[in-house]
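Fold and geometry: a report
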Amino acid sequence: MQYHAESSWGYHMNGAMSVAGVGGPSSDPLQRVARLASEGAVVIFSVSTCCMCHAVKSLFCGMGVSPVVHELDQDPRGKEMQQALAMLLGSYGVAPAVPVVFIGGKLIGAMDRVMASHINGTLVPLLKEAGALWL
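On a predicted model such as this, the values are computed, not experimentally measured, just so you know. Residue positions within a chain follow its written sequence, with the count starting from 1. For this predicted model, a pLDDT threshold of at least 70 governs which residues receive local features, and a threshold of 80 or more governs which side-chain atom pairs are given and counted, while totals over whole chains, interfaces and linings are taken from all residues. In computing side-chain properties, one takes all heavy atoms of the structure into account and sets aside hydrogens as well as water.

**Re the environment of T49**
Looking at where T49 falls in the secondary structure, it is placed in the loop between β4 (42-46) and α2 (51-62). For the pair T49 and E71, spaced 22 residues apart in the sequence, the C-alpha separation amounts to 9.4 Å. Elements are defined by DSSP. Helices are runs of H or I of four residues or more, strands are runs of E of two residues or more, and each kind is numbered from the N terminus.

Now the structure itself:
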C-alpha cells in the first residue's frame, strides 16, 4: 500500500461542508484541518494504529488512488486536530473521529460514509471529479 503521509493542518466550513482556502500555518485546529484537507484530491486524517483507518487507506489504494494521509498520532497537535474533526462530524465525545476523508476539499465523512458511497456507486464519480481517478 502506498500513500503520501504528511503532518500539517487546515479548516472546514461546517455549514457548506467544503473547505475554505486558508494559507499559512495556524494555531486554530479547524483552520489547519481545512488547509490540509485542500492539499490533495483525497486527504485522509488517520491514526497509524487504527484498523478502520488502515481499511479506508487500503480501499483507496486498491482503487488506484494515492491519498494524502495525515497520521494524527504522529503530529504534535494531533489530539487537537482529532477533536476538531470530531466536531465537524458531529460526534464529539461519542465515537473516534478517525478516519476522516476529504475528497476534492469536501468533507465526505468517516468510514461509514465512505463505505456507503463506495457501495452505492457514488464514490468513483467523486474521485473522478476531484482528479484522483482517471478511469
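What follows continues from the structure just given.
**Side note on the nonpolar core**
The set of buried Ala, Val, Leu, Ile, Met, Phe, Trp, Tyr and Cys residues whose side-chain atoms join them within 4.5 Å is what this entry labels a nonpolar core. Per-residue accessibility, obtained with a 1.4 Å probe over protein chains only, is compared with the maximum for each type, and a residue is labelled buried under 20%, exposed over 50%, and partly exposed between these values. One finds V33, F45, L72, M81, L85, L88 and F102 to be the most contacted residues of the largest nonpolar core, which totals 21 residues. Counting residues in each nonpolar core, the second largest holds 17 residues, with I44, V69, I103 and I108 among its members.

**So, the confidence of the model for the protein**
Residue-level confidence of the predictor, termed pLDDT, takes values from 0 up to 100. Averaged over every residue, the pLDDT of the protein is 82; the share at 70 or more is 78%. Note on contacts: a residue pair is in contact if any heavy atoms of the two residues lie within 4.5 Å. Contacts for the low-pLDDT stretch residues 1-24, under 50 throughout, to residues beyond four places or in other chains number 85 contacts.

**Comments concerning the packing of aromatic side chains**
Ring pairs (aromatic) are described by centroid distance and by the angle formed between their planes. Aromatic rings from Phe, Tyr and Trp, with only the six-membered ring used for Trp, were paired whenever their centres fell within 6.5 Å, and each pair was classed as stacked if the ring planes differed by under 30 degrees, edge-to-face if by over 60, and tilted otherwise. Per the counting criterion, the structure on display carries one aromatic pair. Ring geometry for F45 and F102: centres 5.7 Å apart, planes at 80°, overall edge-to-face. Pair noted here: F45 is in strand β4 and F102 is in strand β6 (residues 100-103), with a separation of 57 residues, a long-range link. Of the two residues, F45 and F102, neither departs from the other in class, the shared state being buried.

**Some points on helix α1 (residues 29-37)**
Of all nine residues in α1, eight are buried, a share of seventy percent or more. Of the residues making up α1, those classed as buried are P29, L30, R32, V33, A34, R35, L36 and A37. Nitrogen and oxygen atoms within 3.5 Å of one another constitute a polar contact, given that in protein one can donate a hydrogen and the other can accept it, and given that sequence-neighbouring residues count only through two side-chain atoms. One side-chain oxygen at the N-terminal end of α1 lies 3.2 Å from the backbone nitrogen of L30; it belongs to D28.

**Things to note about the packing of α1 against helix α3 (residues 78-89)**
The N-to-C vectors of α1 and α3 enclose an angle of 80°; their axes lie 9 Å apart at closest approach. The orientation of α1 relative to α3 falls into the category roughly perpendicular. Residues P29, L30, R32, V33 and L36 of α1 form the contact with α3, whose participating residues are E80, M81, A84, L85, M87 and L88. Residue polarity is assigned by list, with Asp, Glu, Lys and Arg as charged and Ala, Val, Leu, Ile, Met, Phe, Trp, Tyr, Cys and Pro as nonpolar; anything else, Gly included, falls into the polar class. For the contact of α1 with α3, the class distribution of residues is nine nonpolar, no polar and two charged. Here an axis means a line fitted to C-alpha atoms, over the contact stretch when the element is a helix, while the angle between two N-to-C directions is reported on a 0 to 180 degree scale. Angle categories: roughly parallel below 35 degrees, roughly antiparallel above 145, roughly perpendicular from 65 to 115, and oblique for all the rest.

**Focus on the pattern of salt bridges**
Note that side chains of opposite charge can pair when their charged atoms are close. One side-chain nitrogen of Lys or Arg within 4 Å of one carboxyl oxygen of Asp or Glu is enough to make a salt bridge. Using the criterion set out here, one finds two salt bridges in the structure. R35 is paired through a salt bridge with E39; the nearest N and O atoms lie 3.3 Å apart. Owing to a relative accessible area of 14%, R35 belongs among the buried residues under this scheme. Assessed through its relative accessible area of 40%, E39 is described here as partly exposed. With a closest N to O distance of 2.7 Å, E71 and K57 form a salt bridge. With a gap of 14 residues between them, E71 in strand β5 (residues 68-71) and K57 in helix α2 connect regions that are remote in the sequence.

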